[in-house]
Amino acid sequence: MVKSILLSLFLLLASRQIDDPIVAENILNEYDFIVVGAGASGAVVASRLSEIPDANVLLLEAGSTDLKYPVIDIPFAARQGYRSEYDWNYDIVPQKRNLQASRGVEQWPRGKVLGGSTSLNAMIYIRGSPHDYDSWEDHGAEGWSWKNVEPYFRKIEDAIDPEMSANLGRGGPLKISPVFTDEMTRKMIEAGKEMGLNEVDYHDDKMEGIGPIVQSQYNGIRVSSSDAYLRSILPRRNNKLHVVTNAHVTKVMTDEEKQAVGIQFVKNGIPFTVKSRKEIVLSAGSIGTPQILMLSGIGPAEHLKKKGIDVIRDIPGVGSNMEDHLVAWSFHGNNFNELEGVSEENVKEYIVNGTGQLSVGFGIDTAIHTRTKYWGTDVSKSTIKRPFPSIQIFFNSNPDSALPFPHDAGKNFTAMAVGLQHPKSVGTIRLKSKDPFEQPIIDPNYLSDDDDVLMLIEGLKIIEKLEMTKTLNSIDYRMIFPDLCNFTSNQTPPRPDSFYRCYIGLSTRTLYHPCCTAKMGENDNKMAVVDSRLRVRGVRGLRIADASVMPHLTSANIQAPCYMIGEKAADMIKEDWM
């Protein structure tokens, strides 16, 4: 019965029109603006630039239309996109200090489809801490402090529930909704309050505490950047904005004056060249953007020479400074929460009301943000220690079956992800060859700085405190782990640091938030790729607008900041051309 209901649901979604009316068939030889990548930032930039009178815009997306994949719409099924044809299917190199990724089997899913990773992610919408953006300005991103970026968040948002924070915007393109919560979630919030955490709304000024999250969805259906910023304006603006799918960009063309003049791409095996009259904006993400730059001769000179690429501009920061939110998964048995999975009841609830477990991305519904004694950042030239959260803990009351939970967990278990928000370990993106269709070499260099291990240990000890609360003791809430790291002798808290060091080496993995591979910075910072107006140094007519320009990670998921970067970038470009 459940299978038949699910089949009906998928058939209903699949009945949508596959010939996407927003996708252009004809490509002009020249455009005022060319935007590469239709993710959170790129779709925003392209949409906003099409508002400029008498200007036309080309948006290039390497993947196909998202209408081709109806499963994208269902929040709980988000992980089904991993290793699919709308995922770039990136792998990382073997990691020395992380057994989970030591064989290079760690997956880095990124969306290769209209909507980019907003069509693949868990839809969690958290702006981050105001201190994050003040710290960005400390690190040379002039004009990116909280007071500068907060209006752009409001411009993005359409908080549809009147009970949501008054600090959230209303009437913006992106609909955001409270997440569905169940009794187990409410017990977790009660336990957090028992151990001294404040119950918070993450969009009020004070971010630290525990509380339910919000997601970019409406009536249980995902809202991606293509929904919010492209379908909302097209086809009525299709004479000004041409959206081209299956267009794999291979190079930014520059002239003798180091001016970006056009883009080369391949669509359905056919090479195209399109010129730009005004500007090119790379929004291909923290992996794609540095790859395209290096293929175009913009990046670390010695690396480019080794790959046989002519150097247009030596910028050593391209593909460097990479940060990622690293998480240690923790699994817990209990005598309260029986895992429902995809039951007949919750499938019906989702179809009829758009609520229930299937409306929750990855089953994640609650988060903790807090500082440990290792809070703050010491990167770049800044000596200011901003008080942003250093640990994020996600609670998953109904984990989906793809999570790597212990095989002996049974039906009664929950999951938590202890996330390191401001890692000191940094990695790199480098070319494997000058073949634009070959994956780059991705090395996150996880846990290379021992402070990252110490911060994760502190985060896991927060979970210990939750385990020891009366609220969770009453339901026999207990950690589940295979008999490794001497777990048999450490099943009950408190556990020694030696256990957690071993545990971290076995259980950590990406939270899918790479950033900073073309970061903003001051003119005298040789590792800065763009200035505070997102212009690539030494190359006129070329900007970057995506997570790669972040000076460092924010204290939460990066979807919201990427939308903000797109809005602010579009305004900067308009200021220069209107």
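Okay, so let's go over this structure. (Residues numbered from 1 in each chain as written. Predicted model: local features only at pLDDT ≥ 70, side-chain atom pairs only at ≥ 80, totals over all residues. Heavy atoms only, no water.)

## A few points about the environment of Tyr229
- Looking at where Tyr229 falls in the secondary structure, it is placed in helix H6 (residues 225–230).
- Among the residues examined, Tyr229 registers a relative accessible area of 1% and is labelled buried.
- Along the chain, Tyr229 and Phe33 lie 196 residues apart, while their C-alpha atoms are 17 Å from each other.
- Leave out the neighbours within four places in its chain, and Tyr229 touches Ala43, Val44, Ser47, Arg48, Ile156, Pro173, Tyr563 and Glu567. (Helix = DSSP H or I, 4+ residues; strand = E, 2+ residues; numbered from the N terminus. Buried < 20%, exposed > 50% of the residue type's maximum accessible area, 1.4 Å probe, protein only. Contact = heavy atoms within 4.5 Å.)

## Quick look at the sheet that holds strand E6 (residues 174–178)
- With mixed pairing, three strands are arranged side by side in an open sheet as E5-E6-E8. Both outer strands of the open sheet, strand E5 (157–159) and strand E8 (214–215), are each paired with one neighbouring strand and no more.
- As paired elements, E5 and E6 share three bridges and run parallel to each other. Of the residues in E6, the one forming a bridge with Glu157 is Leu174. (Pairing = 2+ DSSP bridges.)

## Side note on the state of the cysteines
- Evaluated as defined, the whole model comprises two disulfides.
- Linked covalently through their sulfurs, Cys485 and Cys502 form a disulfide whose S-S length is 2.0 Å. Judged by the sign of its S-S torsion, about -70°, the bond between Cys485 and Cys502 is left-handed. Taken together, the residues span a long stretch of sequence, with Cys485 in the loop between strand E23 (478–480) and helix H12 (497–507) and Cys502 in helix H12 at a distance of 17 residues.
- Overall, Cys502 belongs to the partly exposed group, its relative accessible area being 32%.
- Each sulfur of the disulfide joining Cys515 and Cys516 lies 2.3 Å from the other. Classification of the bridge connecting Cys515 and Cys516 rests on its S-S torsion, roughly -55°, and on that basis the disulfide is left-handed.
- When its relative accessible area of 0% is taken as the criterion, Cys515 is described as buried.
- Once the disulfide-bonded cysteines of the protein chain are ranked by sequence position, their pairing pattern turns out to be 1-2, 3-4.
- In this structure Cys562 is a free cysteine whose sulfur lies 8.7 Å from that of Cys515, the closest cysteine sulfur available. (Disulfide = S-S within 2.5 Å.)

## Observations regarding the packing of helix H4 (residues 146–156) against helix H13 (residues 559–577)
- Running from amino to carboxyl end, H4 crosses H13 at an angle of 105°, the nearest separation of the two axes being 9 Å. One way to sum up the angle between H4 and H13 is to call them roughly perpendicular. Every residue of H13 that contacts H4 at Val149, Tyr152, Phe153, Lys155 and Ile156 is listed here: Ala560, Pro561, Tyr563, Met564, Glu567, Lys568 and Asp571.
- Of the residues belonging to the contact of H4 with H13, the class tally is eight nonpolar, no polar and four charged. (Axes fitted to C-alpha atoms, helices over the stretch in contact; angles between N-to-C directions. Parallel < 35°, antiparallel > 145°, perpendicular 65-115°, else oblique. Nonpolar A, V, L, I, M, F, W, Y, C, P; charged D, E, K, R; others polar.)

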